[in-house]
Amino acid sequence: MLASAADFVEAIRRRGLLEGSRLEELLRLPPAQRTDLRALARDLVRRDWLTAYQVNQLMLGRESDLLLGSYLLLERLGEGGMGQVFKARHQKLGRVVALKLIRPDRLGNAQAVKRFRREIQAAATLTHPNIVLAFDADQVGETHFFVMEYVEGVDLSCLVKDEGKLSAARASDYIRQAALGLQHAHERGLVHRDIKPQNLLLALKTGQIKLLDLGLALLQGDPAKGSASHLTQEGKVVGTVDFLAPEQAVNARKVDVRADLYSLGCTFYYLLSGQVPFPEGSALEKLANHRWEQPAPLPKEVPAEVAAVVRKLMQKKPEDRYQTPADLANALLPIAKKEPSAAALSRAIPLAQPAAESSTSETALSIQRARRNRRRAEDRHWVAWTGAGAAVLLLGLVGLGWLLVRSMEPPADTAKAGPLPLVQRFTNSANMTLVLISSGTFRRGSPETEDGHKPDEGPATEVTIERPFYIGIYPVTQGQYLEVMGTNPAKYNAAAGGGASCPVEMVSWNDAVAFCKKLSKRPEEKKQGRGYWLPTEAEWEYACRAGSKKAYCFGEDVALLDHYACYGRLEEGHPQPVGQLKPNAWGLYDVHGNVWQWCLDVYQPNYYAVAPKRDPQGPKTGPQRSCRGGGFNSENAVDLRAARRSPGDPATRYPNTGFRVVCIPEHK
């Protein structure tokens, strides 16, 4: 890490990150303005001379990582099991692009490298206004990379979550545009195999639909030669269960474009209804439903001719569907009414992508990442999300296959977690994923020797959680709050740089409790015997620590905090989408930073001295409630420690405070 502002300036000069005039102006700043490293870095970001990502890399001593051939990296947009995606600028041409790299740790895998190259070849054959374009591909040293069009926009999944179901005319227009892009790919022998709302990007400036992510594409050979080549995830067939054609679940290597049309029909259904065709059941039950069942009827306001198109697209037998995307586009032509881009996108969530890859599959579900600097139209980001409502399946080639669940490995420096023999999770009716936390004993609070220790964190004592509970892997998001409560109170909503995947804030403790009560009353939750509440402080800290006895869930090395927490770092001016950083050892994200989180307990500074040692639930009465975890605007790392407590008025809405929920099944 850089030790001084002088080292910081020298790194900028050495790497040529500022053009001559700006570098000269930087060097002319009064010494007082060039001695405070943090203040100087903030100033450069505020001036739009450097991006927040560049500043962070410089401060970590990684300036050599900012240049890749002719491309200057601006932002990390996403990262997954196979690759990383960056926003970058060509140094000579000045063109801003999306740059995809194969991960360094995969270079030793010949199949992974071959697959990456084949993806590039597949994308390079396509040139169409409804497909994200491929510009270039190169290799610098051992680094292979792929250069794509950078598009500002919002994927259709996020659009629906933010705005609700779309009008029939608008949805028809978007599906028609997607069909035109698919037809172009079809004519060049490509089957996409992962059509879904997250892979259809609505361009912010033009209103065009852009088809994303050819990472799972099947490149069909010359039929006359009887050959075919396929792009798979290292031998496994990949698809997304909520949008998967029946025949693709059986044998994804033999599907044709009609499987894409089925998936496009499921996407059409989602745009018109606001939900996937088969929202209930396990993954295998959903696959069976795609094969044998019909989805619930579309809303009554959907015109009959539009509903008929959806039904035809979702026929179980490929021969009963439209046979080409062009047939679908022609059928929709009389229905679709193209919306003016400004009007259509006035409330859209800012996002630039194609999708990055998730750590569990080749394709990632892309959600909006808020503008980090509202003054720049370019300053938007991508992020990979492996959220519950869009689980990606790796399917075998026999029958319906097996659902593979990724195991979570704890960080190397984390103390051994307590007994968690039943690491089970479920997704509820509001698309919230909760994980089971088993009972156990942990040390609550902090010793006086811990950096940042405050009196209300002591005395540090052993506390036992006797009752297992489920807890949300993320803080409640704006989209989930809107789903349950019908409103989005967040200050940092889509119009202000946030959006559906960002944590909800501007919610009081009373609001959080009301959310839990309303969620518990949903028929789906009552049917499952699930009741929701806020975690006690003890439950929250136990889950946060995940076995760690140090200041943070990963240990006590503050240098690692940037990998786990969104806090007062240079690029954060508001909360960021959940789940983009590392989880703790028990699979919980954003336990440090992003937003403070309400707990059930009444806050009392000296409570630990008198608290019971088993399942403490806080004092009976008091004027304030407890908050934990720290927020995006917390300047000091010590404010994000697992033991850190903060009081809040239960009726006050704070722009840096949200919550996560626990679930207590009725039988427990």
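Residues numbered from 1 in each chain as written. Predicted model: local features only at pLDDT ≥ 70, side-chain atom pairs only at ≥ 80, totals over all residues. Heavy atoms only, no water.

1. Here we look at the overall build of the protein chain
When its secondary structure is counted, the protein chain shows 17 helices and 28 strands. Taking all 668 residues of the protein chain together, the buried fraction comes to 59%. Contacts spanning at least 24 positions in sequence make up 71% of the contacts within the protein chain whose residues lie at least 6 apart. For the protein chain, the computed accessible surface area is about 26300 Å², with 50% contributed by carbon and sulfur atoms. (Helix = DSSP H or I, 4+ residues; strand = E, 2+ residues; numbered from the N terminus. Buried < 20%, exposed > 50% of the residue type's maximum accessible area, 1.4 Å probe, protein only. Contact = heavy atoms within 4.5 Å. Areas by Shrake-Rupley, 256 points an atom, 1.4 Å probe, with all protein chains shown as cover.)

2. Points about the packing of helix α7 (residues 168–187) against helix α9 (residues 257–273)
Interaxial distance between α7 and α9 falls to 10 Å at its minimum, and their mutual angle equals 165°. Here α7 is positioned roughly antiparallel relative to α9, judged by the angle of their axes. The two elements α7 and α9 meet at a crossing, and its hand is right-handed. Counted together, A168, A171, S172, Y174, I175, A178, A179, L182 and H186 of α7 and V257, D260, L264, T267, F268, L271 and L272 of α9 form the full contact between these two elements. Taken together, the residues of the contact of α7 with α9 sort by class into 12 nonpolar, 3 polar and 1 charged. (Axes fitted to C-alpha atoms, helices over the stretch in contact; angles between N-to-C directions. Parallel < 35°, antiparallel > 145°, perpendicular 65-115°, else oblique. Left-handed = near helix turned anticlockwise from the far one by under 90°. Nonpolar A, V, L, I, M, F, W, Y, C, P; charged D, E, K, R; others polar.)

3. Considering the pattern of salt bridges
Inspection of the entire model under this criterion finds 27 salt bridges. R42 serves as the salt-bridge partner of E635, at 3.0 Å between the closest nitrogen and oxygen. Separated by 593 residues along the polypeptide, E635 in the loop between β25 (625–628) and β26 (645–648) and R42 in helix α3 (residues 37–46) bring together distant segments of the chain. Of the charged contacts, one joins R641 and E457 as a salt bridge, the two residues approaching to 2.6 Å between their closest N and O atoms. Here the residue R641 occupies a position in the loop between β25 and β26, and E457 occupies one in the loop between β20 (440–444) and β21 (461–465), the gap between them amounting to 184 residues. Across this residue pair, the class does not change: R641 and E457 are buried. What emerges from the salt-bridge pattern is a single network uniting E537, E541, R545, R628 and R645. (Salt bridge = Lys/Arg side-chain N within 4 Å of Asp/Glu carboxyl O.)

4. Some details on the pairing of strand β9 (residues 200–203)
Side-chain alternation along β9 places L200 and L202 on one buried face and L201 and A203 on a second face that is also buried. The pairing of strand β7 (residues 151–155) with β9 spans 3 bridges and is classified as antiparallel. Within β9, the residue paired with V154 across the bridge is L202. Of the strand pairs in this sheet, β9 and strand β10 (residues 209–211) are connected by 3 bridges, and their pairing is antiparallel. When the bridges of β10 are listed, L202 appears paired with I209. Hairpin remark: β9 followed by β10, antiparallel, with 5 residues in the connecting loop; positive phi at G207, about 80°. (Pairing = 2+ DSSP bridges.)

5. Here we look at the sheet that holds strand β27 (residues 657–658)
Strand order in the open sheet made by the 4 strands is β26-β25-β24-β27, with mixed pairing throughout. Each edge of the open sheet carries a strand with a single partner, namely β26 and β27. Summarising the sheet, strand β24 (residues 596–602) and β25 pair through 3 bridges and their orientation is antiparallel. Across the sheet, residue Q597 finds its bridge partner in β25, namely R628.

6. Remarks on the confidence of the model for the protein chain
Residues with a pLDDT of 70 or more make up 77% of the protein chain, whose mean pLDDT is 78. When the criterion is pLDDT under 50, residues 221–237 qualifies, and its contacts beyond four places in sequence or with other chains add up to 45 contacts. Between residues 338–423, whose pLDDT stays under 50, and residues either more than four places distant or in other chains, the model counts 304 contacts. (pLDDT = per-residue confidence, 0-100.)

7. Re the side chain of H592
Residue placement: H592 occurs in the loop between α17 (537–545) and β24. Owing to a relative accessible area of 0%, H592 belongs among the buried residues under this scheme. Of the polar contacts made by the side chain of H592, one reaches the backbone nitrogen of C553; its length is 3.0 Å. One polar contact links the side chain of H592 to the main-chain carbonyl oxygen of L640, over a distance of 2.7 Å. Residues in contact with H592, not counting those within four places in the same chain, are C544, Y552, C553, F554, L561, Y564, A565, C566, G629, L640, R641 and A642. (Polar contact = N/O pair within 3.5 Å; in protein donor to acceptor, adjacent residues only side chain to side chain.)

8. What to know about the state of the cysteines
For the structure on display, the rule yields 0 disulfides. C544 provides the cysteine sulfur closest to C553, a residue in no disulfide bond, and the two sulfurs are 5.9 Å apart. (Disulfide = S-S within 2.5 Å.)

9. Observations regarding the nonpolar core
L156, Y174, L264, F268, L271, L272 and L328 are the most contacted members of the largest nonpolar core, which totals 51 residues. Going through the elements one at a time, α6 (156–163), α7, β8 (190–191), β9, β10, α9, α11 (304–313) and α12 (325–332) are the ones with two or more residues in this core. With 10 residues, the top contributor of residues to this core is α9. Setting aside residues no more than four positions away along its own chain, L264 makes contact with I175, A178, A179, L182, I195, L200 and L328. Counting residues in each nonpolar core, the second largest holds 35 residues, with A538, W540, A565 and A637 among its members. (Core = buried A, V, L, I, M, F, W, Y, C linked by side-chain atoms within 4.5 Å.)

10. Comments concerning the pairing of β20
Covered by surrounding structure in β20 are G440, F442 and R444 only, the residues T441 and R443 on the alternate face being uncovered. Relative to β21, β20 runs antiparallel, the two sharing 5 bridges. In the strand pairing of β21, R443 is matched with E462.

11. Notes on helix α10 (residues 283–292)
Among the residues of α10, A283, K286, L287 and H290 are the ones counted as buried. One side of α10 holds all its buried residues, which, seen down the axis, span an arc of 100°. (Arc of directions from axis to C-beta.)

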